[in-house]
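Results of the structural survey
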Amino acid sequence: MKEFLNNIDSQILISRKIALFTFLLSSLIITTYYFTNFHGIIYLSLFFLLIAVPINTFISFVLLYSVFRNKNKIKPILFSLFLILINLPFGLFYMKIGFDIYDAVTYSNGLIN
(Lines give C-alpha, C1' and ligand atoms only; values in the text may rest on other atoms or scores of the structure.)
Protein backbone atom coordinates (compact mmCIF):
# COMPACT_ATOMS: atom_id res chain seq x y z
CA MET A 1 0.00 0.00 0.00
CA LYS A 2 2.82 2.37 0.83
CA GLU A 3 4.38 1.57 -2.54
CA PHE A 4 1.12 2.51 -4.25
CA LEU A 5 0.83 5.80 -2.40
CA ASN A 6 4.39 6.83 -3.23
CA ASN A 7 4.68 5.61 -6.82
CA ILE A 8 2.84 7.88 -9.23
CA ASP A 9 3.27 5.54 -12.20
CA SER A 10 1.63 2.77 -10.21
CA GLN A 11 -1.24 5.08 -9.26
CA ILE A 12 -1.84 6.02 -12.88
CA LEU A 13 -1.75 2.42 -14.10
CA ILE A 14 -3.95 1.03 -11.34
CA SER A 15 -6.49 3.85 -11.54
CA ARG A 16 -6.92 3.33 -15.27
CA LYS A 17 -7.37 -0.41 -14.79
CA ILE A 18 -9.91 0.16 -12.02
CA ALA A 19 -11.86 2.65 -14.12
CA LEU A 20 -12.01 0.21 -17.03
CA PHE A 21 -12.82 -2.75 -14.79
CA THR A 22 -15.67 -1.01 -12.97
CA PHE A 23 -17.17 0.22 -16.24
CA LEU A 24 -16.96 -3.20 -17.88
CA LEU A 25 -18.27 -5.08 -14.85
CA SER A 26 -21.22 -2.73 -14.35
CA SER A 27 -22.03 -2.98 -18.05
CA LEU A 28 -21.81 -6.78 -17.83
CA ILE A 29 -24.17 -6.83 -14.85
CA ILE A 30 -26.81 -4.70 -16.58
CA THR A 31 -26.43 -6.64 -19.85
CA THR A 32 -26.78 -9.95 -18.01
CA TYR A 33 -30.03 -8.78 -16.47
CA TYR A 34 -31.28 -7.55 -19.83
CA PHE A 35 -30.71 -10.92 -21.51
CA THR A 36 -31.65 -13.24 -18.63
CA ASN A 37 -34.27 -11.19 -16.76
CA PHE A 38 -32.90 -12.77 -13.56
CA HIS A 39 -33.97 -10.49 -10.73
CA GLY A 40 -31.23 -11.72 -8.38
CA ILE A 41 -28.80 -9.65 -10.44
CA ILE A 42 -30.12 -6.60 -8.60
CA TYR A 43 -28.57 -7.82 -5.35
CA LEU A 44 -25.28 -8.51 -7.11
CA SER A 45 -25.33 -4.99 -8.50
CA LEU A 46 -25.97 -3.49 -5.06
CA PHE A 47 -23.06 -5.51 -3.67
CA PHE A 48 -20.92 -4.29 -6.57
CA LEU A 49 -21.85 -0.69 -5.73
CA LEU A 50 -20.85 -1.21 -2.10
CA ILE A 51 -17.41 -2.34 -3.27
CA ALA A 52 -16.83 -0.10 -6.32
CA VAL A 53 -17.86 3.26 -4.88
CA PRO A 54 -15.38 3.28 -1.95
CA ILE A 55 -12.55 1.96 -4.13
CA ASN A 56 -13.16 4.56 -6.85
CA THR A 57 -13.49 7.27 -4.21
CA PHE A 58 -10.21 6.29 -2.56
CA ILE A 59 -8.39 6.19 -5.90
CA SER A 60 -9.85 9.60 -6.81
CA PHE A 61 -8.58 11.14 -3.58
CA VAL A 62 -5.14 9.61 -4.10
CA LEU A 63 -5.01 11.03 -7.62
CA LEU A 64 -6.16 14.45 -6.43
CA TYR A 65 -3.41 14.43 -3.83
CA SER A 66 -0.91 13.38 -6.50
CA VAL A 67 -1.88 16.30 -8.73
CA PHE A 68 -0.55 18.71 -6.13
CA ARG A 69 2.45 16.57 -5.25
CA ASN A 70 3.68 15.72 -8.76
CA LYS A 71 3.56 18.72 -11.04
CA ASN A 72 5.64 16.99 -13.73
CA LYS A 73 2.98 14.29 -14.42
CA ILE A 74 -0.13 16.38 -14.13
CA LYS A 75 -1.62 15.44 -17.52
CA PRO A 76 -1.53 11.64 -17.02
CA ILE A 77 -2.87 12.06 -13.49
CA LEU A 78 -5.74 14.26 -14.63
CA PHE A 79 -6.55 11.87 -17.47
CA SER A 80 -6.69 8.96 -15.01
CA LEU A 81 -8.91 11.01 -12.73
CA PHE A 82 -11.12 11.84 -15.71
CA LEU A 83 -11.50 8.13 -16.51
CA ILE A 84 -12.65 7.42 -12.98
CA LEU A 85 -15.01 10.39 -12.91
CA ILE A 86 -16.52 9.54 -16.29
CA ASN A 87 -17.85 6.37 -14.63
CA LEU A 88 -20.17 8.51 -12.48
CA PRO A 89 -22.83 9.20 -15.14
CA PHE A 90 -22.80 5.56 -16.19
CA GLY A 91 -23.05 4.46 -12.57
CA LEU A 92 -25.95 6.79 -11.87
CA PHE A 93 -27.73 5.63 -15.01
CA TYR A 94 -27.22 1.96 -14.06
CA MET A 95 -28.40 2.70 -10.50
CA LYS A 96 -31.58 4.28 -11.84
CA ILE A 97 -32.22 1.24 -14.01
CA GLY A 98 -31.50 -1.03 -11.04
CA PHE A 99 -33.90 0.80 -8.74
CA ASP A 100 -36.58 0.82 -11.44
CA ILE A 101 -36.18 -2.93 -11.83
CA TYR A 102 -36.19 -3.41 -8.06
CA ASP A 103 -39.40 -1.38 -7.77
CA ALA A 104 -41.02 -3.41 -10.55
CA VAL A 105 -39.96 -6.71 -8.95
CA THR A 106 -41.16 -5.81 -5.45
CA TYR A 107 -44.41 -4.43 -6.83
CA SER A 108 -45.11 -7.50 -8.99
CA ASN A 109 -44.34 -9.84 -6.10
CA GLY A 110 -46.90 -8.13 -3.90
CA LEU A 111 -44.33 -6.81 -1.46
CA ILE A 112 -45.73 -3.29 -1.75
CA ASN A 113 -49.27 -2.67 -0.59
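Given the structure is predicted, the values throughout are model-derived calculations rather than measurements. Just so you know, the residues in each chain are numbered from 1, in the order the chain's sequence is written. pLDDT decides what is reported in this predicted model: residues at 70 or higher carry local features, side-chain atom pairs at 80 or more are listed and counted, and totals for whole chains, interfaces and linings draw on all residues regardless. Calculation of side-chain values draws on the structure's entire complement of heavy atoms; hydrogens and water are dropped beforehand.

**Here we look at the overall build of the protein chain**
- Secondary structure assignment for the protein chain yields 5 helices and 0 strands.
- Where helices and strands are cited, they refer to DSSP runs of H or I of at least four residues and of E of at least two residues respectively, numbered from the N terminus. Ordering the α and β elements of the protein chain from the N terminus gives α-α-α-α-α.
- Burial analysis of the protein chain (113 residues in total) assigns 33% to the buried set.
- Taking as baseline every contact in the protein chain between residues at least 6 positions apart, the subset at least 24 positions apart corresponds to 69%.
- Only carbon and sulfur atoms are counted for the fraction: they give 74% of the accessible area of the protein chain, which is about 7800 Å². Any residue under 20% of the maximum accessible area for its type is buried, any over 50% is exposed, and the rest in between are partly exposed; the area is computed with a 1.4 Å probe on protein chains only. In what follows, residue pairs with any heavy atoms lying within 4.5 Å of each other are defined as contacts. Each accessible area value is a Shrake-Rupley result obtained with a 1.4 Å probe; residue values ignore everything except the protein chains displayed when judging cover.

**Focus on the pattern of salt bridges**
- Salt bridge, as used here: a side-chain nitrogen of Lys or Arg that lies within 4 Å of a carboxyl oxygen of Asp or Glu. Per the stated rule, a full pass over the model turns up 1 salt bridge.
- For Asp 9, the salt bridge identified is with Lys 73, shortest N-O distance 2.4 Å. Taken together, the residues span a long stretch of sequence, with Asp 9 in helix 2 (residues 8-36) and Lys 73 in the loop between helix 3 (41-69) and helix 4 (74-85) at a distance of 64 residues.
- Of the residues examined, Asp 9 reaches a relative accessible area of 45% and is grouped as partly exposed.

**Regarding the nonpolar core**
- To form a nonpolar core, buried Ala, Val, Leu, Ile, Met, Phe, Trp, Tyr and Cys residues must be joined to one another through side-chain atoms within 4.5 Å. In terms of nonpolar packing, the biggest core is built from 10 residues, these being Ile 8, Ile 12, Ile 18, Ala 19, Ile 59, Leu 63, Val 67, Ile 77, Leu 81 and Ile 84.
- Of all the secondary structure elements, the ones that give two or more residues to this core are helix 2, helix 3 and helix 4.
- Sort the elements by how many residues they give to this core and helix 2 lands first, with 4 residues.
- Not counting residues within four places of it along the chain, the set of residues in contact with Ile 18 comprises Ile 55, Asn 56 and Ile 59.

**A few points about the environment of Ser 66**
- With respect to the helices and strands, the residue Ser 66 is situated in helix 3.
- Taking the relative accessible area as the measure of exposure, Ser 66 reaches 0% and is therefore buried.
- In sequence terms Ser 66 and Asn 6 are 60 residues apart; their C-alpha atoms lie 9.0 Å from each other.
- If we skip the residues at most four places from it in the chain, Ser 66 touches Ile 8, Gln 11 and Ile 77.

**A closer look at unusual backbone geometry**
- Here the phi dihedral of Asn 37 falls at roughly 60 degrees; this positive angle occurs in a residue that is not glycine.
- Relative accessible area serves as the criterion here: at 48%, Asn 37 is assigned to the partly exposed category.

**Overview of the confidence of the model for the protein chain**
- Summing up the model confidence of the protein chain, the mean pLDDT is 84 and the portion of residues at 70 or higher is 89%.
- Confidence scores here are pLDDT values: one per residue, from the predictor, ranging 0 to 100. Looking at the elements of the protein chain, mean pLDDT is at its lowest for helix 1 (residues 2-6), recorded as 70, and at its highest for helix 4, recorded as 94.

**Brief notes about the packing of helix 2 against helix 4**
- Geometry is summarised by axes, namely lines fitted to C-alpha atoms with helices restricted to the contacting stretch, and by angles between N-to-C directions that run from 0 to 180 degrees. Look at helix 2 against helix 4: their axes get within 9 Å of each other, and the N-to-C directions meet at 25 degrees. Considering the angle they form, helix 2 stands roughly parallel to helix 4. As helix 2 packs across helix 4, the resulting crossing turns out to be left-handed. Of the residues in helix 4, those touching helix 2 at Ile 8, Ile 12, Ser 15, Arg 16 and Ala 19 are Pro 76, Ile 77, Phe 79, Ser 80, Leu 83 and Ile 84. The cut-offs work like this: below 35 degrees is roughly parallel, past 145 is roughly antiparallel, 65 to 115 is roughly perpendicular, and the gaps in between are oblique. Less than a right angle of anticlockwise turn of the near helix away from the far helix marks a crossing as left-handed, whereas a clockwise turn marks it as right-handed.

**Here's the deal with the environment of Phe 99**
- Structurally, Phe 99 can be placed in helix 5 (residues 87-108).
- Judged by its relative accessible area of 42%, Phe 99 falls in the partly exposed class.
- Note: C-alpha distance between Phe 99 and Leu 46 (53 residues apart in sequence) is 9.7 Å.

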